[in-house]
Amino acid sequence: MNVHQAHVNEQITTFSELEKVIRQVTTETRVIDMHTHLYAEAFNEHLLWGIDELLQYHYLTAEFFRHTDMTYDEYWMLDNASRAEAVWQTLFVDRSPLSEAASGVITALNRLGLSPTQYGRDLNAYRAALAAKSTSQQIDDVLEVAKIERIVMTNDPFDAKEREVWQASRGKSDARFDAALRIDKLLLDWPAAAQDLRVQGYLVEDDASAPSTLQEVRRFLKDWALRMDALYLMVSLPGDAGYEHNKAASVTSSSLTILLDGAVVPVCLELGLPLALMIGVRRQVNPLLRLAGDMSMRSDLSLLEGIAKRYTNLELLITVLARENQHELTVLSRKFRNITLFGCWWFLHTESMIRELTAFRVELLGTSFIPQHSDCRVLEQLINKWDHSRGIIADILISKYNRLLKDGWGITEEEIRRDVEAYFGGNFQRVLDKAKQNRQLIQGT
Ligand code: FIX
Ligand code: ZN
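Residues numbered from 1 in each chain as written. Chains lettered and ligands numbered in written order. Predicted model: local features only at pLDDT ≥ 70, side-chain atom pairs only at ≥ 80, totals over all residues. Heavy atoms only, no water.

With an unreviewed UniProt entry as reference, the protein is termed Glucuronate isomerase, source organism Paenibacillus baekrokdamisoli.

Colleague: Please explain the nonpolar core as it appears in this structure.
Modeller: Leu221, Val264, Leu277, Leu316, Leu382 and Ile416 are the most contacted members of the largest nonpolar core, which has 106 residues in total. With eleven residues, the single largest contributor to this core is helix α19 (residues 381–406). Ignoring sequence-local partners within four residues, the contact set of Leu316 consists of Leu275, Leu277, Leu304, Ile307, Ala308, Asn338, Ile339 and Thr340. Listed in part, the 44 residues of the second largest apolar core include Phe64, Ala292, Trp345 and Trp346. (Core = buried A, V, L, I, M, F, W, Y, C linked by side-chain atoms within 4.5 Å. Buried < 20%, exposed > 50% of the residue type's maximum accessible area, 1.4 Å probe, protein only. Helix = DSSP H or I, 4+ residues; strand = E, 2+ residues; numbered from the N terminus. Contact = heavy atoms within 4.5 Å.)

Colleague: I keep staring at the side chain of Asn155 and nothing clicks. Help me out?
Modeller: Here Asn155 lies in the loop between β3 (148–152) and α11 (160–167). Once residues within four sequence positions are removed from consideration, Asn155 is found in contact with Tyr39, Phe43, Glu162, Trp166, Asp178, Ala179, Ala180, Leu181, Arg182 and Met228.

Colleague: Just checking my understanding: could you explain the site of ligand 1 for this structure?
Modeller: All residues adjacent to ligand 1 are His35, His37, His58, Tyr59, Arg182, Ser236, Arg283, Trp345, Trp346, Asp375 and Arg377. Separating an oxygen atom of ligand 1 from a side-chain N or O atom of His37 is a distance of 3.1 Å. Here Trp345 contributes a side-chain N or O atom positioned 3.0 Å from an oxygen atom of ligand 1. Here ligand 1, which alone exposes 330 Å², has 98% of that area covered by the protein. Looking at the shell around ligand 1 residue by residue, the classes come out as three nonpolar, four polar and four charged. (Near = heavy atom within 4 Å. Polar contact = N/O pair within 3.5 Å; in protein donor to acceptor, adjacent residues only side chain to side chain. Areas by Shrake-Rupley, 256 points an atom, 1.4 Å probe, with all protein chains shown as cover. Nonpolar A, V, L, I, M, F, W, Y, C, P; charged D, E, K, R; others polar.)

What follows is the structure, given as structure tokens:
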């Protein structure tokens, strides 16, 4: 045993040492970010990075319109640079960037070495500093600063541009980026998806329940999951999405139920992949805001209960958007071990919400959940989103371990590392592994 090993196996006895170790471990442990909207460089314009993109993040678009007299049309008619300038002036110069999204930009710039103390309020100074960077250099730098090991993308087989990248076998060219097969269109807009599937050569009918159609949908899902080497299948659902798990046989099922039961779940089980459900979005409450126009809504979690109970071999990765559903989801996760709760999603990805939700989840689930995902859309956001989350998670862990310490449960650095690694990647990996094991059990191999 060398000196360092001896040290990490020593029990921590004081609060100050405990605090120091937890801060260090949560700061340096590399993360698997299990849901983002980031892309590897091969996806060209799908990968957004740089100050102008940061300023056009849809979280900031919504905040910008709270202050400006500009019409929606006027804003959307501007080019990217002018939009960024309008947001910078409105949210960063004319007033202070106090919101989570706005302050996050400052954190990212600062941690990237573009200190606001030096660069001030001059947007062009930041632009100039970033202009010399290549995309691949920026990916390397950001992943290093944010200490990210792997990033899971959101990959849409209904996006023609993205399909081109996969069909040219360029989608897996960077091992740091994994794929997730996104199937919102299939489950939420069957008529449009059917049309698209036919164009892609799958022989589907308008009636989703026709056996030959379900077979073709399964073929489509398998083709894409394998082509992308997807880690899981995923969909964002409205809070009132109807999955009829208790329906009388005489009642006609919704296309969501038919497609989940007849195609999505069978393919997940056959390929040994989890299904991720992000529940509680109300799309386009204000369509004039475009991507920024979505809202959260309370969810009826009987959908989840029904799926978890019916498919005990299906691994489910679950997050819900409404604060009002958090208690219920956390309790439900205790009842079904095939549910793994993840992340503080979107309007919950704020300092106060992360603090509240993470503390409560630790209290009910111990180490058996995934505290955070970033949902980043712009590369540099990895820095601020993870920086903020790591700090809050550390605060909570300090108070929880301290309780143990006070009661004489000496903790070692090694044990803290083990727990933090589980939170930051191990638990996600375990869900992937369990899904693969379930497949072996089902297929008897
Ligand atoms: O459905 C999703 O994956 C959501 O995360 C997005 O639709 C949303 O626009 C977003 O970026 C939230 O953070
Ligand atoms: Zn997302």
